Amino acid sequence: MSFLFGNRSSKTFKPKKNIPEGSHQYELLKHAEATLGSGNLRMAVMLPDGEDLNEWVAVNTVDFFNQINMLYGTITDFCTEERCPVMSAGPKYEYHWADGTNIKKPIKCSAPKYIDYLMTWVQDQLDDETLFPSKIGVPFRRNFMSVAKTILKRLFRVYAHIYHEHFDSVMQLQEEAHLNTSFKHFIFFVQEFNLIDRKELVPLQELIDKLTTKDR
């Protein structure tokens, strides 16, 4: 499956990775949604009592993937090969794509192409039952946390690109509150469990400081 950037009448983002209703992960997702509703994001991201950290990270990673899909899906008409010939986050930061499997040597490509590669790669990880088990009692792989960290690090780059290159379009669409809330939730989550190196967050450090200061 791939994004269909060339054909605007087609769906521009991937279907959600659904968490099966009735499963323990579904209950965890509902718990997360309920706590988010309280408005206290710091508390909402904390590991619920008695829960497994891997499972909590898995459920939230799927949720962030879905959120970013939706957010990026609203601005694909503005993120084109012509307007975004490189995947950047402002003038200082440029990302080149490599997944270590199909593309081993980092390649320079347009933002829509990079995000297509990125989301396809993430979807493949989420669909891998050995990495993201949906059945109760199936253990997580030993390298689960390092894969989850790589997924979140790469998803951050989509937020960074949207903020730096398309925030005017986001405001035009009146989606800025949605974007800010989603990003703030994402940042609180990765900070709570130290899931992204600080140096990776530098392109949005000013915004992160602004969004998180009053909640310390």
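Quick notes on the rules
- Just so you know, the residues in each chain are numbered from 1, in the order the chain's sequence is written.
- Residue-level local features of this predicted model are given only where pLDDT is at least 70; pairs of side-chain atoms are given and counted only at 80 or more, and the full residue set underlies all totals for whole chains, interfaces and linings.
- Each side-chain value is worked out from all heavy atoms of the structure, with water and hydrogens disregarded.
- Buried residues are those whose accessible area, probed at 1.4 Å on protein chains only, stays under 20% of the maximum for their type, while exposed residues exceed 50% and partly exposed ones sit between those limits.
- Helical segments are the DSSP runs of H or I of at least four residues, strand segments are the runs of E of at least two, and each set is numbered from the N terminus.
- As used here, the arc is the angular range of directions from the helix axis to the C-beta atoms.
- In summary, the pairing rule links any two rings of Phe, Tyr or Trp, Trp by its six-membered ring, whose centres are within 6.5 Å, and it sorts them by plane angle into stacked for under 30 degrees, edge-to-face for over 60 and tilted for everything else.
- Distance and angle both matter: a charge sits over a ring if NZ of Lys or CZ of Arg is within 6 Å of the ring centre and within 35 degrees of the ring normal.
- The axes are straight lines fitted to the C-alpha atoms, using for helices just the contacting stretch, and the angles between their N-to-C directions are given from 0 to 180°.
- To sort the angles, those under 35 degrees are grouped as roughly parallel, those over 145 as roughly antiparallel, those from 65 to 115 as roughly perpendicular, and the leftovers as oblique.
- Put simply, a crossing is left-handed when the front helix is turned counterclockwise from the back one by less than a right angle, and right-handed when it is turned clockwise.
- Contacts were defined at the residue level, with two residues in contact if any of their heavy atoms lie within 4.5 Å.
- Polar here means any residue outside two lists: the nonpolar Ala, Val, Leu, Ile, Met, Phe, Trp, Tyr, Cys and Pro, and the charged Asp, Glu, Lys and Arg; Gly therefore counts as polar.
- What is meant by a nonpolar core is a set of buried Ala, Val, Leu, Ile, Met, Phe, Trp, Tyr and Cys residues, joined one to another through side-chain atoms within 4.5 Å.
- Multiplying one less than the number of residues by 1.5 Å gives the expected span of a helix.
- UniProt positions are given in the numbering used here, feature names are shortened, and annotations may be inferred rather than shown by experiment.

*Asks:* Explain helix H8 (residues 205-213) to me, please; I cannot follow it from the model alone.
*Replies:* Because an α-helix completes one turn every 3.6 residues, residues spaced three or four positions apart along the sequence face the same direction. Taken as a whole, H8 has its buried residues at Ile208, Leu211 and Thr212. Here the buried residues of H8 occupy an arc of 90° about the axis, which is enough to place them on one side. Of the exposed residues in H8, the ones pointing more than 90 degrees away from its buried face are Glu206 and Lys210.

*Asks:* I'm lost on unusual backbone geometry in this one. Help?
*Replies:* Glycine aside, a negative phi is what most residues show, and trans is what most peptide bonds show. Not every positive phi belongs to a glycine, and glutamine 174 is a case in point at roughly 60°. Residue placement: glutamine 174 occurs in the loop between helix H5 (144-172) and helix H6 (176-192). The backbone of asparagine 194 shows a phi angle near 50°, a positive value even though the residue is not glycine. Counting through the fold element by element, asparagine 194 comes out in the loop between H6 and helix H7 (198-201).

*Asks:* Can you walk me through the packing of aromatic side chains in this structure?
*Replies:* Centre distance and the angle of the planes are the two values used to describe a pair of aromatic rings. Counting across every chain of the model gives 15 aromatic pairs. In this structure an aromatic cluster arises from ring pairing among Phe64, Phe156, Tyr159, Tyr163, Phe167, Phe183, Phe186, Phe189 and Phe193. Above the face of the phenylalanine 188 ring, arginine 42 is positioned so that its terminal group lies 3.7 Å from the ring centre.

*Asks:* Any chance you could explain the packing of helix H3 (residues 53-75) against helix H4 (residues 111-127) here in plain terms?
*Replies:* Angle between the axes and distance between the axes: these two values describe a pair of packed helices. Across the interface, H3 lies against H4 with an axial gap of 11 Å and an inter-helix angle of 150°. Looking at the two axes, H3 sits roughly antiparallel to H4. Between H3 and H4 lies a crossing whose hand is left-handed. Residues Thr61, Val62, Phe65, Ile68, Asn69 and Tyr72 of H3 form the contact with H4, whose own contacting residues are Pro112, Ile115, Met119, Val122, Gln123 and Leu126. A breakdown of the residues in the contact of H3 with H4 according to their chemical character gives nine nonpolar, three polar and no charged.

*Asks:* Is there a simple way to think about the packing of H3 against H6 in this case?
*Replies:* Interhelical geometry of H3 versus H6 gives an angle of 155° and a closest axis separation of 11 Å. It follows from the interaxial angle that H3 and H6 lie roughly antiparallel. Handedness of the H3/H6 crossing: left-handed. When H3 is examined against H6, the residues Trp56, Val57, Asn60, Asp63, Phe64, Gln67 and Leu71 are found in contact with a partner set consisting of His178, Leu179, Ser182, His185, Phe186 and Phe189. For the contact of H3 with H6, the class distribution of residues is seven nonpolar, five polar and one charged.

*Asks:* Would you mind showing me how to read the nonpolar core here?
*Replies:* A general trend in soluble globular proteins is that nonpolar side chains are found buried together. Formed by 62 residues in total, the largest nonpolar core has its most connected members in Leu155, Phe156, Tyr159, Phe183 and Phe186. Of all the secondary-structure elements, those providing two or more residues to this core are H3, H4, H5, H6 and H8. Per element, the largest residue contribution to this core is 14 residues, and it comes from H5. Apart from residues no more than four positions distant in its own chain, phenylalanine 183 is found in contact with Phe156, Tyr159, Tyr163, Leu204, Leu207, Ile208 and Leu211.

*Asks:* Honestly, H3 in this entry has me stumped. Any pointers?
*Replies:* A rise of 1.5 Å per residue sets the reference length of H3, with its 23 residues, at 33 Å; its end C-alpha atoms lie 33 Å apart and thus fit the reference within 8%. Buried residues dominate H3, accounting for 19 of its 23 residues.

*Asks:* In this structure, what is going on with the side chain of glutamine 125? I would like to understand it.
*Replies:* Looking at the secondary structure, you find glutamine 125 in helix H4. Discounting chain neighbours no more than four positions away, the residues touching glutamine 125 are Leu131, Phe132, Val147 and Ile151.

*Asks:* What exactly am I supposed to notice about the UniProt feature "binding site: Zn(2+)" (unreviewed entry) in the protein here?
*Replies:* According to UniProt, the feature "binding site: Zn(2+)" (unreviewed entry) maps to Cys79, Cys84, His161 and His166 in the numbering used here. Taking the farthest pair of C-alpha atoms as the criterion, the annotated set spanning 88 residues converges on one region, since that pair is 9.9 Å apart. Residue position: cysteine 84 is located in the loop between H3 and strand S1 (87-88). For cysteine 84, a relative accessible area of 5% translates into the label buried. Apart from residues lying up to four places away in sequence, cysteine 84 is in contact with Cys79, Ser110, Ala111, Pro112, His161 and His166. Here histidine 161 is to be found in helix H5. Histidine 161 sits in the buried class, given a relative accessible area of 0%. Those residues in contact with histidine 161 that sit more than four places away from it in its chain are Cys79, Cys84, Val86, Met87, Ser88, Ala89, Ala111, Ile115 and His166.

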